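# Secondary and tertiary structure notes
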Amino acid sequence: MMLLALTLERYVSVCHPGHARPILGSPIRAVTLIPIITFILYIPVVFRSYVKTCMLTPENYLIYQRTENTAYISHPVYSIYKVGLEIVYKVVPVVLLAALNLRILIVYRRSCEKRRKMTISRTASGEEDPRKFAEERRLVLLLGSTSILFLICVTPMVILNVTLSEVNLMKYPYQVFRAIANLLEVTNYSITFYIYISFSEDFRSTFLRTLNCNSATPLKGMKTTPATTTTVTQRSV
């Protein structure tokens, strides 16, 4: 949901720049409301299981085992709640993220082409400087690669969450699919960082500056001001 909120803000700023204003208010409000609402909506999940006390007869060891509340899980109201929760937090965000990112990519691509044509028409030679639009190409690749990676890696997890049941868990092919879906989800979150590092110079510079790497050496893309020197001349009287 946090990623969806960020994508909505980016969609408004790119596709509707004249109406660019925070949808959820200030960033602090969005960061605060989303976890609170999520916590409240997931409270019924806490009651789906309980702790059962078991006594081992030979050694008289007391152990505690988590047991599913079968009556609670099989209730029709909880089944409807579970499906609705998966739709709100899994299916809808994936569909919206795919649609919004695709729209952002198309609009940004068109704006880059229009700006490129205007720049070329103003130059005397009419030739395009490849260095001038390098950052725009990197941003397009960044947005497109992250969107495609998100769809490929998160879609199996959506299918898994919707079809998860005790009957399916007893099937070996479903267990293989479950392992692959979990692996793809973790891969998405880990590779996204390296994609941003590779394609975004601002992200890379900010990351290195945060880690204080090569503090004495100026980072790529950062402008440095030369040190001012003062020359004192002695006048003869």
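Since we're looking at a predicted model, the values are computed, not measured.

The rules behind the values
Residues numbered from 1 in each chain as written. Predicted model: local features only at pLDDT ≥ 70, side-chain atom pairs only at ≥ 80, totals over all residues. Heavy atoms only, no water. Helix = DSSP H or I, 4+ residues; strand = E, 2+ residues; numbered from the N terminus. Buried < 20%, exposed > 50% of the residue type's maximum accessible area, 1.4 Å probe, protein only. Contact = heavy atoms within 4.5 Å. Areas by Shrake-Rupley, 256 points an atom, 1.4 Å probe, with all protein chains shown as cover. UniProt positions renumbered as here; feature names shortened; annotations may be inferred. Expected span 1.5 Å × (residues − 1). Bend = angle between axes of the 7 residues up to and from the residue. Core = buried A, V, L, I, M, F, W, Y, C linked by side-chain atoms within 4.5 Å. Patch = residues over 30% accessible without salt bridge, like charges linked within 9 Å, V, L, I, M, F, W, Y side chains within 5 Å. Salt bridge = Lys/Arg side-chain N within 4 Å of Asp/Glu carboxyl O. Axes fitted to C-alpha atoms, helices over the stretch in contact; angles between N-to-C directions. Parallel < 35°, antiparallel > 145°, perpendicular 65-115°, else oblique. 1 Å grid on protein atoms, 1.4 Å probe; cavity = no way out; pocket = protein on both sides within 12 Å on 5 of 7 lines; lining within 4 Å. Points joined across faces, edges and corners; volume = space filled by probe spheres on them. Nonpolar A, V, L, I, M, F, W, Y, C, P; charged D, E, K, R; others polar.

Another point: the overall build of the chain. The helix and strand tally for the chain stands at eight helices and two strands. Beginning at the N terminus, the succession of helices and strands in the chain can be written as α-α-β-β-α-α-α-α-α-α. By residue count, 21% of the 237 residues in the chain fall in the buried class. In the chain, of all internal contacts separated by at least 6 residues, the share reaching a separation of at least 24 is 56%. Just so you have it, the chain exposes about 17500 Å², and 66% of that area is on carbon and sulfur atoms.

Within the fold, Arg-138 resides in helix α5 (residues 134-163). Classification of Arg-138 as partly exposed rests on a relative accessible area of 26%. As a C-alpha pair, Arg-138 and Ser-198 span 60 residues in sequence and 8.9 Å in three-dimensional space. Dropping the residues within four chain positions of it, Arg-138 is found in contact with Phe-199 and Glu-201.

With that settled, the discussion passes to the UniProt feature "transmembrane region" (unreviewed entry) in the chain. Under the local residue numbering, the UniProt record ascribes the feature "transmembrane region" (unreviewed entry) to residues 30-51, 87-108, 139-159 and 179-199. Across residues 87-108, helical content stands at 100% and strand content at 0%; the span's end C-alpha atoms are separated by 29 Å.

A separate point is helix α7 (residues 172-199). Since the α-helix advances by 3.6 residues per turn, residues separated by three or four positions end up pointing in the same direction. End to end, α7 covers 40 Å across 28 residues, agreeing with the expected 40 Å (1.5 Å per residue, within 8%). Approximately 25 degrees is the largest bend angle found in α7, and it occurs at Ile-191. Residues of α7 that are buried: Tyr-174, Ala-181, Asn-188, Ile-195 and Ile-197.

We now examine the nonpolar core. Within the largest apolar cluster, seven residues are counted, these being Leu-4, Val-94, Leu-97, Leu-100, Phe-150, Val-154 and Val-158. Looking at this core, the elements with two or more residues in it are α4 (76-122) and α5. If we skip the residues at most four places from it in the chain, Leu-97 touches Leu-3, Leu-4, Thr-7 and Phe-150.

A grouping of Ile-36, Phe-39, Ile-40, Ile-43, Val-46 and Phe-47 is seen on the molecular surface, where their side chains present a nonpolar patch of about 620 Å² in accessible area. Structurally, Ile-43 is set in the loop between α2 (27-41) and β1 (49-56).

Once that is clear, we can look at the packing of α7 against helix α8 (residues 201-210). As a packed pair, α7 and α8 sit with axes 5 Å apart at the nearest point and diverge in direction by 105 degrees. Viewed along their axes, α7 and α8 adopt a mutual orientation that is roughly perpendicular. Contacts between α7 and α8 involve Phe-193, Tyr-196, Ile-197, Ser-198 and Phe-199 from the first element and Glu-201, Phe-203, Arg-204 and Phe-207 from the second.

Bringing the side chain of Asn-101 into the picture now. Along the polypeptide, Asn-101 turns up in helix α4. The residues touching Asn-101, leaving out its near neighbours within four places in the chain, are Thr-7, Arg-10, Leu-143 and Ser-147.

Moving on, we get to the environment of Thr-146. Structurally, the position occupied by Thr-146 is in helix α5. Along the chain, Thr-146 and Tyr-196 lie 50 residues apart, while their C-alpha atoms are 8.6 Å from each other.

Turning our attention to the layout of surface pockets. Gaps left between atoms are located by rolling a probe of water-molecule size over the structure's atoms. Of the volumes computed, that of the largest pocket is approximately 580 Å³. Along the walls of the largest pocket sit 21 residues, with Arg-48, Ile-73, Lys-82, Leu-164 and Ser-165 positioned nearest its centre. Contributions of two or more residues to the lining of the largest pocket are made by α3 (70-73), α4, α5 and α6 (166-169). Counting residues per element, the lining of the largest pocket draws most heavily on α4, at eight residues. Along the lines of polarity and charge, the residues of the lining of the largest pocket split into 11 nonpolar, four polar and six charged. Looking at the second largest pocket, it is lined by 22 residues, and the ones nearest its centre are Leu-3, Leu-97, Phe-150, Asn-188 and Tyr-189. Ranked by residues supplied to the lining of the second largest pocket, first place goes to α4 with six residues. Counted by class, the lining of the second largest pocket contains 13 nonpolar, six polar and three charged residues.

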